[in-house]
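Remarks on the overall topology
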Amino acid sequence: MAIDTGLLLQALYAAASQEPAHVQARQEAEKMLKEWEIQPGLYSLLQDVFLDATCPNDVRWISIIYFKNGIDKYWRKSAPNAITKEEKVQIRAKITRTFEITSTTLAAQNAFAIARIAKYDFPVEWPSLFSDILSVAEAAHSAGKVVLLYQILNVLNQVVKVLSASRFGKSRAALIHAAPTVVRRVGQWYFEYTQLWTNLPRDQQLAINFDASASDDETLARSKIGYLSLKICRRLVAEGYDFAHKAQEACEFYQAATEHFTAFVEQYTSLPTEILRRHIKTLGKFYDDLAERQPTSFLLMPRTFEVIGAYLSVLQTQAAAFHRPEFEEEEFWEKVLLRGLLLFRKCVKMAFGDGMATIKYKTADDRAETKAAVEMLKTQVFTDHCIVQVHDILLWSYLRLKPSDLEKWANEPEEFVHDEMQNSWEYQLRPCTEKVYIDLLINYKELLAPRLMESFWTLKSRQDASDDDILTRDAVYCAFAITSNALFEDVDFDAVFVHMLSPQVMSYGGNVSAMYRVILRRIALIVVNWISVKCGQDTRKYVYEVLARLMDPDYPLNDVVVQLTASSALRSAVDEWDFKLPMFLPYLQMFLMRLIVMIGKAENIETKLALLGVVSVIVEVSEQNITAYADKIVELLPVLWEQAGDEHILKGAILQALTNLIKSTGSESIKFHSLYIPLIGGIVDPKSELHVYLLEDALELWQGTISNTAEATPELLSLVPTLLETLDLATENLRIELQILEGYVALATEFVVREYGAVMFRILTSFIGKLKQEACHAVAHVIEIVIQRLPLQAYINLFADTGLLARILDAIFDRHESTINITRFLTVYARLTLVDPQAVVQFCDLYAQEQQRMNSIPLPPEDSSLSYFGALLDAWLEKVDNMGHPRTRKLTALALDTFLNNPALQQRPEIAQRRAYIVSVRDDVFAELQGEEVSLDVSTSMHSFMTDGYSG
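**Quick word on the overall build of the protein chain**
If you tally the helices and strands in the protein chain, you get 49 helices and zero strands. Expected size for 952 residues packed as a compact globule is a radius of gyration near 30 Å; at 38 Å, the protein chain overshoots this value by more than 25%. Going through the 952 residues of the protein chain one by one, you find that 55% of them count as buried. Pairs at least 24 apart in sequence give 76% of the contacts found in the protein chain among residues at least 6 apart. For the protein chain, the accessible surface area stands at approximately 41200 Å², while carbon and sulfur atoms represent 51% of it.

Here it is as structure tokens:
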């Protein structure tokens, strides 16, 4: 059904109305538009509306928004209710007319919509995309219509942005084919229009406002044309070539852009205009992207080394201003420096092979060319003089804390610590400086390490040093900390810590400057970086003493930042491979008590989370030694839970800490059941709001509780119905849920089977044939426990009524079932055979009758050699060599022996025909296990399985 144009306009007018009296009409119009969105012809009509300059802008705005959203949902051929091919042709035919839209907001949305069409249609359905856009742009340029040219380039920029994101396929190849033409033509406009605005008088350049509309200001339009041309070409040169340095037009653009970059950077100091800022930032992105995508081309482009030199020059000239308040107020130079350091780091990695993985080679000449480019970088840029100069600038200027850092330390200490711990080095200057410094020291260790260590040893360590001296020492200590992986072979850290760093913490006096807390924090960070790299056992006592002192709130300099940093260092000290518990035990109580106090005082969720993580690690490594302090920790958790509110990450950390505590306290944890077991039930319940966020943490806690409990408490047993309900859902957490069930059956076999046996065995029956190895073991283990713990009459009817034994036989006889699973199911029948071998034979006969009744696998009744009992014996005899665990082999041998020695079964044809083979297998197993003590009690392996998994 065709859409009436008048009705569509009426709906758009109503949808665009913001009058309070028209709310109902607006809602009805929106509903109508929603219903029409799958009607053929709608989007072509919407395009007509936003092309109609006589319509109000708000109506055109609604129209273009619906148009753009419809492109997203229905332009793809495979989309349900996709736009027809005929309508797409109509829409594409009108696209060049949309370039004349002068409204900034409408033009922007139109550009987004066209870019989405290009994403789907280029190059198959719209091969002439770039020629169509360029031809209209050429005409606008020739006619001097600068505003129209700006609008067209805005569309082209969005198209290039979308297509550049494609890394493979036809669109990628087509973009590479089109790139030279676009770069050649748009690059010329970049040169032309950039020259125009750079020749403007100073006051006119200062007056250019990029946030204003260019529709009525030709000077602004010309400036924006140059800028848009730069954005288009910088993306195409980086993304639209395999080897941009081999393309003349790309090299010409790069050379001109580099000339502009060096001039703009120099000019900005005296003329800080918005247009210069934008060009410098965009050129920085250009160099960074090219170095990332085409490292060889970046190095071989004309005047590339001037780019590196320009950034190093900025690094040097801005070093003095880096710590001035006005530097941070503007933020511009910080972003330029950050971009320069990122580029410099890429170059270092290119020079030393770390970035070579991204370099493409098509021929041997390409490899030789790359090698030559890298050698040029090393010899022409990375000279010893340059490297030392960069090292010194980074060390003495950019590794230092800024005034704003100290201000945040004082006013927002918890946020300061949190930010410092974040791995956001690509977006912050000082963390990025640390990364670059590490790379320099690793790759120029012989040149730079002696220089760093000389500064480290010769710095004043007086407690009465000036604030500037303290900040300088902090920067050097920072360099020493972050380069531990490079220095550890050359530095005696034990001597450094014991004789130099520890005294600075343990013996400072009352007359020390408040700035000295900067050094205290840094020493804690040195522990973070060095403790797992090189720290002797004897030195760890000094480490614990230092951290204890730094976490002591009675010392005035130990403010929030110092204490939190020390707690982070404590975590590093105990959570590493060379940790020895006996040396830590004398400090255990003190550290725990201080951490608990810190958690109580912390205001931010992130801080509480970090501190709780430290407590959790300490609980885990302390094992049973934590029992004496468990009450204090448990008292803390309900308060934290309430404070967490909707912060599910913190609640997950609380559950993890509680899990570690339960595992460490073992059977003593039973006294806490009433506190947290209802919490487990509330989370595991599928109807609970917390189920989605905390299920895995709650299951881990539940499993830890089961495996560390000696008796089934009422609180624990109350969760069995919830467990069975969860099991029945068969989610991705099935393995751990089965392990929990296994624990319940082991703890309270009679209760579980009596109260929930029918439901439990029905669920287990539904799993058989669909299980992975660990889950299969858990199911078999549960059944074995029942067989071993209870008399036959307590469960045999449940086994039969739920079809459990029959389903196990199905799996044993299933040729597609894994051998490991079959051997596990055979142990169930072996366990049952030891209890009552005749019951096993009778069940096999009943199974045969059922199979014949169902005509599933009919067997001749007169041929008893093909009975299912015989097939079961054959499975045992065939799989015995696949049974790796001695307990399983012994169990199988005893089951076979039981059949041989049972007077009522000795004459069964199935046994008589296989007697010799059965005897041989039985004797071989008994001979193999002679002298070995192999317990058949399933309980002996339960705890190790629940904690480590099944290994049999």
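**Comments concerning the packing of helix α23 (residues 429-443) against helix α24 (residues 445-458)**
At their nearest, the axes of α23 and α24 sit 6 Å apart, and the two run at 115 degrees to each other. Comparing their axes, α24 and α23 come out roughly perpendicular. Residues Tyr437, Leu440, Leu441, Ile442 and Asn443 of α23 pack against Lys445, Leu448, Ala449 and Leu452 of α24. When grouped by side-chain class, the residues that make up the contact of α23 with α24 number seven nonpolar, one polar and one charged.

**Section: the environment of threonine 898**
Tracing the sequence through the fold places threonine 898 in helix α47 (residues 886-901). Not counting the four nearest positions on each side in its chain, threonine 898 is found in contact with Thr833, Leu834 and Pro837.

**Quick look at helix α46 (residues 868-879)**
End to end, α46 covers 16 Å across twelve residues, agreeing with the expected 16 Å (1.5 Å per residue, within 8%). In terms of residue burial, α46 counts as a mostly covered element, since nine of its twelve residues are buried. For α46, the full list of buried residues reads Tyr868, Phe869, Gly870, Leu872, Leu873, Ala875, Trp876, Leu877 and Lys879. Each element contacted by the buried residues of α46 is listed here: α43 (804-813), α44 (819-835), α45 (837-853), α47 and α48 (909-928).

**Digging into the side chain of arginine 824**
Mapped onto the elements of the fold, arginine 824 is located in helix α44. Given a relative accessible area of 5%, arginine 824 falls into the buried group. A polar side-chain atom of arginine 824 sits 2.8 Å from a polar atom in the side chain of histidine 777.

**Here's the deal with a negative patch on the surface**
On the surface, Glu606, Asp646, Glu647 and Glu689 cluster together to form a negatively charged patch. Classification of glutamate 647 as partly exposed rests on a relative accessible area of 37%.

**Describing the confidence of the model for the protein chain**
Mean pLDDT over the protein chain works out to 89, with 94% of the residues at or above the 70 mark. For the stretch residues 858-865, pLDDT sits under 50, and the model shows eight contacts to residues farther than four places along the chain or on other chains. Taken together, the stretch residues 940-952 has pLDDT below 50 and engages in 26 contacts with residues farther than four places along the chain or on a different chain.

**Here we look at the packing of aromatic side chains**
The full count for this structure, using the stated rule, is 41 aromatic pairs. Between tyrosine 544 and tyrosine 587 the ring centres are 5.5 Å apart and the planes differ by 50 degrees, which places this aromatic pair in the tilted class. Here tyrosine 544, found in helix α29 (residues 537-550), pairs with tyrosine 587, found in helix α31 (residues 581-601); they are 43 residues apart in sequence, far enough to count as distant. Comparing tyrosine 544 with tyrosine 587, the two get one shared label, buried. An aromatic cluster of at least three residues, connected via ring pairs, comprises Tyr190, Phe191, Phe253, Tyr254, Phe261, Phe286, Tyr287 and Tyr311. Between arginine 549 and the ring centre of tyrosine 508, over which it is positioned, the NZ or CZ distance is 5.1 Å.

**Thoughts on the side chain of histidine 391**
Within the element layout of this structure, histidine 391 appears in helix α20 (residues 384-398). With a relative accessible area of 1%, histidine 391 lands in the buried category. Looking at histidine 391, its side chain comes within polar contact range of the side chain of tyrosine 437, at 2.8 Å. In contact with histidine 391, not counting residues within four places along its chain, are Tyr437, Leu440, Leu448, Arg451 and Leu452.

**Regarding unusual backbone geometry**
With the exception of glycine, the majority of residues adopt a negative phi angle, and the majority of peptide bonds are in the trans configuration. Residue proline 123 follows phenylalanine 122 across a cis peptide bond; omega there is 5 degrees. Positionally, proline 123 belongs in the loop between α7 (104-121) and α8 (129-142). Even without a glycine there, the phi angle at asparagine 81 is positive, about 55 degrees. Although it is not a glycine, arginine 303 sits at a positive phi angle of roughly 70 degrees. Along the chain, arginine 303 falls in the loop between α15 (295-300) and α16 (304-317). You can call arginine 303 partly exposed: its relative accessible area is 29%.

About the thresholds
- Residues numbered from 1 in each chain as written.
- Predicted model: local features only at pLDDT ≥ 70, side-chain atom pairs only at ≥ 80, totals over all residues.
- Heavy atoms only, no water.
- Helix = DSSP H or I, 4+ residues; strand = E, 2+ residues; numbered from the N terminus.
- Rg over C-alpha atoms; globule rule 2.2 N^0.38 Å.
- Buried < 20%, exposed > 50% of the residue type's maximum accessible area, 1.4 Å probe, protein only.
- Contact = heavy atoms within 4.5 Å.
- Areas by Shrake-Rupley, 256 points an atom, 1.4 Å probe, with all protein chains shown as cover.
- Axes fitted to C-alpha atoms, helices over the stretch in contact; angles between N-to-C directions.
- Parallel < 35°, antiparallel > 145°, perpendicular 65-115°, else oblique.
- Nonpolar A, V, L, I, M, F, W, Y, C, P; charged D, E, K, R; others polar.
- Expected span 1.5 Å × (residues − 1).
- Polar contact = N/O pair within 3.5 Å; in protein donor to acceptor, adjacent residues only side chain to side chain.
- Patch = residues over 30% accessible without salt bridge, like charges linked within 9 Å, V, L, I, M, F, W, Y side chains within 5 Å.
- Salt bridge = Lys/Arg side-chain N within 4 Å of Asp/Glu carboxyl O.
- Lys, Arg positive; Asp, Glu negative; His and termini not counted.
- Charge placed at Lys NZ, Arg CZ, Asp CG, Glu CD.
- pLDDT = per-residue confidence, 0-100.
- Phe/Tyr/Trp six-rings, centres within 6.5 Å; stacked < 30°, edge-to-face > 60°.
- Lys NZ or Arg CZ within 6 Å of the ring centre and 35° of its normal.

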